Amino acid sequence: MKAIAAHRHHRFAPVVLLALALLVTGVLYAAFSPSSAQAAAAPSEDDLTAGSNLFRANCSTCHGVDAAGRDGIAPSLIGVGAAAVDFQVSTGRMPMMANGAQAPSKVPIFTDEQIRQMAAWVASLGAGPSVPSDEAVDPALGDAANGMELFRTNCAMCHGSVGQGGALSQGKYAPNLSESAPRTIYEAMVTGPQSMPVFNDATITPEEKRDIIAYLDAQQQGSPGGLTLGSLGPVAEGLWAWVIGIGLLIGAAVWIGAKSS
Amino acid sequence: MSDESTEVGLPVDRNRLPERFENPGLPEHHARLTDTDPAAEKRAARIITGLFGLSALGTIGALVAYFAVPPGETVASIRLSTLLIGLGLAVAFGAAGIAAIHWSKALMNDHEKVEYRHPQASDRATREEAVAMLKEGAEDTNLSRRGALKGAMISALALAPLGFAVPLIGSVGGDWNVSKFRHTMWKQGLRLTHDPSGEPIKASDVTVGSAVHVIPDGLSEVEDVLEEKAKAVVLLIRMDPRDLKEADDRKDWSYQGIVAYSKICTHVGCPVALYEQQTHHLLCPCHQSTFDIADGAKVVFGPADRPLPQLPITVDDEGYLVAQSDFHEPIGPSFWERLK
Amino acid sequence: MSTSTPAASAAAATADYLDQRTGIATAIKGFARKIFPDHWSFLLGEIALFSFIILLATGTFLALFFVPSMDEVTYTGPLAAMDGVQMSRAFASTLDLSFEVTGGLLMRQIHHWAALVFMAAIVTHMMRVFFTGAFRKPREINWLVGFTLMVLGLAAGFSGYSLPDDVLSGNGLRITEGITKGVPIIGTYMSYFLFGGEFPGTHIIPRLFTVHILLVPGLILALIGLHLFLVVLHKHTQFPGGGRTEKNVVGYPIFPVYMAKQAGFFLIVFGVLALMGATMTINPVWNYGPYDPSPVSAGAQPDWYMLFLEGALRLTPGFFEVVIAGFTIPLNVIIPAMIVPVALLGPLALYPFIEAWATGDKREHHLADRPRNAPVRTALGVSMLTGFTVLILAGSNDLIATHFHMSINAITWTFRILVFVLPVVTFWATKRICLGLQRKDRELVLHGHETGQIVRFEDGEYIEVHRPLDEQERWIRVQHDPRRPLPLLPAEDARGVRRPGYRSDALRAKVSRFFYADRVEPVTPAELAAAQAHGAHDQLTAGEHDETPAIGSSSPASVHQG
């Protein structure tokens, strides 16, 4: 640190700073730039070829070389649309690493570019929902109150009242949504991945979907009452009443009952 | 204790040993540090004073928070207000409590005292006196030979509460028309609409794999909205018609793979709504009854016994989904006269 | 002490004024220096009492702002996710008192945490009374009073939980309605009785409000009064120790020591609950939304004290539902919701009478049992707690499934088996542990503490030096009466005439054997003398009657373990 401090007044310092600033901006842009910007752009021939190759190498073992699926192993992907591919691959659910009750989300193994190419190729096989635009999933444009009413009717029975997740039968589960990106939430609704039903634009309109995203986004502010305790409901509250409440109070009782030394 | 004392009471002659050990009496009193060390006593007094002071500061903190930090309009500001007032209270009460207990433990006289118990039962003389008094009183009533009077009194007193109980019970149950359990507002031609918007549903808009939460058209106009909604909610599901197993008498209750089932569980009435589109299973989040929607909503797991009632549906001229009739059986949990 | 400060003379004048009108000096004479024994476990009931006082205080605050009405209103307020939503006035006023009344949310959270802690404290207090045998004569009636208080606590909790009229508690009410309807013959009428018509109607919230703030707390207050009156009348039990007998009570006087401790503990309970209310969200009804019969959210459960019923409902398979002569009897609901609670709580309420009958013990007991000295009672208590715990876990099976990545179906099946097996296993294990601890006590009394010092004798023999117990230590381990099974007189008298009452005697002897056939008796002075005479490493087991019925039976006791 001392060395840096000593060179603060060097005449190249502004240049270095400027370069650093540019680098940081670039990295930040790369990290935060809307990766779905490509949704609007039509895929090039190169993209389709690259997507097809990626698919053959990574997905065709289960879904078949023509993506028509294999009975009892994997479903057909013809007509699932780019949104389904983007959802499954960008959350790391696909490729599946092991057979289980359901595919868990993992760290994705493909880059955004590769996902876009595969999605473009799958979308070219048959019409299906496309990846939504940034505007379509911007929580700031949604109405959280309407979103709450829709979430309660359509989503809360599986995902819990604030999207904390919940159990389904035979080891399946509705995942926690607190870490899910708005785009992912949108894609899940239109494609109905795994156990989840499909909520097409007639059932829940695109604006309503954005309202739901706004409601979930509002949960990031936490609870007005303090720690949320995972928003797990009365069972968790009971556990804390025993552990913290009765725990502290019995501790106090032991102290009161003990003889002073 | 020394070895010597353990030998006390154990004379060599075993035959003269007592049957049981003797109670050794109260243990010796051990002086506390505050009893023996004046510095420790002073320190304890200082700590207690400090704790009471801290408690007062907590109260002041809670009051300051009350006036200076209003709950405001945002989640964060409500949380802050709650937190600060609460922490003030916790310090105010907690510190005072700790001070009081420390005081009682460190400074108050800690010599244990003995109080004697007496048997709960009264002594014989008191009991006899009590019995005599009761007898005397019973005789004073001059009732023993008047059976009719006794009977009349008992009947009158037994009947009297009815004048209170009958109006009470009679009124609390509303109109007592329990046959309302049997019917819902579904009827022939009534459109299925989205919950909660009330928009009608076109059959062509329901894609395979969808689950749509449905209320009857015009629900918001009826008088008892919640009562009717509590009976009429339906889950609409579309699956590949090839997956659908239908009983012969229900072949025409679905429409191109679209089926509608009551959302009210046949176990104890929770809304069953967790539809797993791959297995076509519908799970109740309350008690995990699982129904197979592809197979007449038959129970495949859990505490429910009966399938969910099916709402027969079709489409009207404009292609909107409508009910063919009401449910053919009472919806929801079982009750005694359900099949009558 | 002729000097008197103004304060002292004012106090004297007040006391004189009061005494001339009420004779209060008599009461002070009787109470001020009354003795209470000191032990941490004697303070568990106080946690419940103090939580209740805090419930009354915070509840009064809430009642000033809460509107128990099911009229529909449109909400406007600071919470964006609720703005413009239709809801009942009850729900809207809950949001208002949470978000717009300064300190309101804090009071609501303290109130709810206090309710959970209240029930938890009642349960731990009952456990203490049960495991130390403090329910024995003369306290059986007070046990029943306490039991009734627990049931009233359940009623208070349930009625309060439902008041905000949110989706979570509304589904709880719907389940209540479903269970009520399941009652044979009168079920549907009972449902109308509760709801004033069809579910949900507009009556249930105001009705529950009256139950919650008037009926139940009134009864609880009255019974707490009776409970404490009986405690004072009986004087508190005490743990055994030197100088403590069945005929005395050793401890500290109410004034000042106990008063300071009680006041201090009350403040600490309030402090802890305030801390919880300040920092931890409880029952966030704004997440659940106003009641609507259509939605339900994952994790739909009641507060913890009702979870055992929820678990029983989840475990009972559906095929129990039967139809007899066209009438439906939903045993899949009746068993878990009505029979299970009676089967679990009934024996608990009657336990003091069952044990008294089985032991034929008619003496008063004021010395608490050490739990190990009543192995079968302790084992029964643990077994019952195990049953409750399995049901509570079964009521949380969906959370177990998501948190431990298991199948909810597998968990349900596991609990269906465990609810029968585990109580038996814990009964057996607890009884063994108690007997083992008693044996350990015997060994300590006979041979003293191990010191770790090894001594070698001239002839080459090694022994470990044991330090004998002092008489206080020893007394705790030998003070209890040995309990033995009741003897059974023969069925026929000397002349071969069948004795009346033999059958009930035989049953009683059987139950008594179940309680006391396996036992370890306390060391007698003679045994200790023998042990000391034989040297430190002498094995002496004459006092043990384990597995060998001492009196009146020829079958091994383990047969009766069941």
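Residues numbered from 1 in each chain as written. Chains lettered and ligands numbered in written order. Predicted model: local features only at pLDDT ≥ 70, side-chain atom pairs only at ≥ 80, totals over all residues. Heavy atoms only, no water.

Engineer: Quick one: what's the story with the overall build of chain B, residue by residue and with numbers?
Structural biologist: The helix and strand inventory of chain B stands at eight helices and 11 strands. For 340 residues, the compact-globule estimate of 2.2 N^0.38 gives 20 Å, and the C-alpha radius of gyration of chain B, at 39 Å, exceeds that figure by more than 25%. Put simply, 56% of the contacts in chain B that link residues at least 6 apart link residues at least 24 apart. Put simply, chain B shows about 17700 Å² of open surface, and 58% of that area lies on carbon and sulfur atoms. Distance between charge centres in chain B, computed from 34 positive and 46 negative side chains, equals 3 Å. (Helix = DSSP H or I, 4+ residues; strand = E, 2+ residues; numbered from the N terminus. Rg over C-alpha atoms; globule rule 2.2 N^0.38 Å. Contact = heavy atoms within 4.5 Å. Areas by Shrake-Rupley, 256 points an atom, 1.4 Å probe, with all protein chains shown as cover. Lys, Arg positive; Asp, Glu negative; His and termini not counted. Charge placed at Lys NZ, Arg CZ, Asp CG, Glu CD.)

Engineer: Summarise helix α15 (residues 397-404) of chain C; cite the residues concerned and give the values.
Structural biologist: Residues Asn397, Asp398, Leu399, Ile400 and Ala401 of chain C constitute the buried set of α15 of chain C. Buried residues belonging to α15 of chain C abut β1 (166-167) and α11 (234-257) of chain A together with α12 (307-315), α14 (375-395) and α16 (408-447) of chain C. Positioned one or two residues after α15 of chain C, histidine 405 of chain C has a phi angle of 50 degrees, which is positive. (Buried < 20%, exposed > 50% of the residue type's maximum accessible area, 1.4 Å probe, protein only.)

Engineer: I'd love a proper account of the confidence of the model for chain C, names of residues and values included.
Structural biologist: Residues and elements named next belong to chain C. The predicted model of chain C averages 91 in pLDDT, with 94% of residues at 70 or higher. Confidence drops under pLDDT 50 across residues 536-562; counting only partners more than four residues distant or on other chains, this segment forms 54 contacts. Interface scoring of the predicted complex returns ipTM 0.92; its pTM is 0.91. (pLDDT = per-residue confidence, 0-100.)

Engineer: Which residues make up the interface of chain A and chain C, and what values go with them?
Structural biologist: On the side of chain C, 66 residues touch chain A, which itself brings 52 residues to the contact. Summing the contributions of chain A and of chain C, the shared interface buries around 4400 Å²; its carbon and sulfur component is 71%. The largest per-residue losses of area from chain A upon contact with chain C belong to Arg152, Leu249 and Ile256 of chain A, which jointly make up 15% of the total buried on that side. At the surface where chain A touches chain C, the tally comes to 12 residue pairs in polar contact (both at pLDDT 80 or more). (Buried area = accessible area lost by both parts, 1.4 Å probe. Polar contact = N/O pair within 3.5 Å; in protein donor to acceptor, adjacent residues only side chain to side chain.)

Engineer: Would you mind going over the interface of chain C and chain B in detail, with residue names and values included?
Structural biologist: Between chain C and chain B, the contact holds 132 residues from the first and 96 residues from the second. Carbon and sulfur atoms supply 63% of the area buried between chain C and chain B, which totals about 9500 Å² over both sides. Of all residues in chain C, Tyr192, Glu198 and Pro525 of chain C give up the largest surface area on contact with chain B, accounting jointly for 8% of the area buried on that side. Between chain C and chain B we count seven salt bridges in total. Across the pair lysine 235 of chain C and glutamate 115 of chain B runs a salt bridge whose closest N-O atoms are separated by 3.8 Å. Connecting chain C to chain B are 40 residue pairs in polar contact (both at pLDDT 80 or more). (Salt bridge = Lys/Arg side-chain N within 4 Å of Asp/Glu carboxyl O.)

Engineer: Go over the sheet that holds strand β1 (residues 35-36) of chain C with me, naming the residues and quoting the values.
Structural biologist: The strand order β1(B)-β4(C)-β1(C) describes an open sheet built from three strands, whose pairing is antiparallel. Since the sheet does not close on itself, it has two edges, and those belong to β1 (113-116) of chain B together with β1 of chain C, each with one partner. As defined by bridge partners, β1 of chain C adjoins strand β4 (residues 248-253) of chain C across two bridges and the pair is classed as antiparallel. Within β4 of chain C, the position partnered with phenylalanine 36 of chain C by the bridge is tyrosine 252 of chain C. Packed on one face of the sheet, helix α10 (residues 254-279) of chain C meets β1 and β4 of chain C and runs near 75 degrees to β4 of chain C. (Pairing = 2+ DSSP bridges. Axes fitted to C-alpha atoms, helices over the stretch in contact; angles between N-to-C directions.)

Engineer: Break down the nonpolar core for me, with residues and values.
Structural biologist: Judged by nonpolar contacts, the single largest core of 109 residues is most densely connected at Leu249 of chain A together with Trp113, Met119, Ile220, Phe265 and Leu273 of chain C. The element contributing the most residues to this core is helix α5 (residues 104-131) of chain C, with 17 residues. Beyond its immediate sequence surroundings of up to four residues, methionine 119 of chain C is in contact with Met150, Gly153, Leu154, Trp304 and Tyr305 of chain C. (Core = buried A, V, L, I, M, F, W, Y, C linked by side-chain atoms within 4.5 Å.)

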